[in-house]
Amino acid sequence: MSDRSDIIEALNLYGFAVDTQRWDLFDAVFTEHVDADFGGAAHWHGLENWKTDFAAFHAPFDATLHVMTNHQVRILGDHAHSFTYGQWRLVRHAAEGSPLWDGSGWYDDEWVKTHAGWRCRKRVCRVVWATGNDRVKETIPGVTFENVFDSMKAGAAAGSLYFLKAIDASDGD
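Residues numbered from 1 in each chain as written. Predicted model: local features only at pLDDT ≥ 70, side-chain atom pairs only at ≥ 80, totals over all residues. Heavy atoms only, no water.

Caption draft 1: Local environment of unusual backbone geometry. Residues other than glycine seldom take positive phi values, yet glutamine 21 does so here, at roughly 55°. By secondary structure assignment, the location of glutamine 21 is in the loop between α1 (3–20) and β1 (30–37). With relative accessibility at 30%, the residue glutamine 21 sits in the partly exposed group. A positive phi angle, close to 55°, is found at asparagine 70, a residue other than glycine. Topologically, asparagine 70 is positioned in strand β3 (residues 63–76). (Helix = DSSP H or I, 4+ residues; strand = E, 2+ residues; numbered from the N terminus. Buried < 20%, exposed > 50% of the residue type's maximum accessible area, 1.4 Å probe, protein only.)

Here it is, written out as structure tokens:
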């Protein structure tokens, strides 16, 4: 497979890992010291902490579905950047009200080529749109995951999209 295909495979494996709650599969996607920023207080430094928190948050769901699409990948030697759209459906019948919460957004990732293959070392995830019952996401007593909304247009204007910076840098080569 090509480097681009390997990264896309890892991006898709992330969604599969979350939906099957096979947190060990994160080891094939992320570096040990990954910086995972999902907005607001949802920010992790280190894979083990992230896996532990995601396992606790996702355990009460009856089902989840993460769809990864529109993959953009830019290879820069032994480093790479990717930008991926995501759609998420969370289902929890025990939530008061509707059992559904749906969201759409994007992942802006930085990759490094390791002896084990490509691994993501920095992830920024932002929600662009959401609908449904916010109580579905209240799976840990006393912990509320806030909806932090962002747009690619605002990120591009602010110069905060890593993938866009990678495109600009490689266009100068």
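Alright, that's what it looks like, and here's the rest.
Caption draft 2: Quick peek at the nonpolar core. Counting 30 residues, the largest nonpolar core has Tyr14, Phe26, Phe30, Phe38, Trp50, Phe54 and Trp111 as the members making the most contacts within it. Elements supplying a minimum of two residues to this core: α1, β1, α2 (47–58), β3, β4 (79–91), β5 (100–114) and β6 (117–132). Element by element, the count of residues in this core is highest for α1, at seven residues. (Core = buried A, V, L, I, M, F, W, Y, C linked by side-chain atoms within 4.5 Å.)

Caption draft 3: Focus on the packing of aromatic side chains. Scanning the model with the defined rule gives 21 aromatic pairs in all. Ring plane angle 85° and centroid distance 5.9 Å describe the contact between tyrosine 14 and phenylalanine 30, whose orientation is recorded as edge-to-face. Taken together, the residues span a long stretch of sequence, with tyrosine 14 in helix α1 and phenylalanine 30 in strand β1 at a distance of 16 residues. In this pair, the class of tyrosine 14 matches that of phenylalanine 30, namely buried. Each member of the aromatic cluster is reached from another via a ring pair, and the members are Tyr14, Trp23, Phe26, Phe30, Phe38, Trp44, Trp50, Phe54, Trp88 and Tyr107. For the cation-ring pair, arginine 123 lies above tyrosine 14, with the distance from its terminal atom to the ring centre recorded as 4.4 Å. (Phe/Tyr/Trp six-rings, centres within 6.5 Å; stacked < 30°, edge-to-face > 60°. Lys NZ or Arg CZ within 6 Å of the ring centre and 35° of its normal.)

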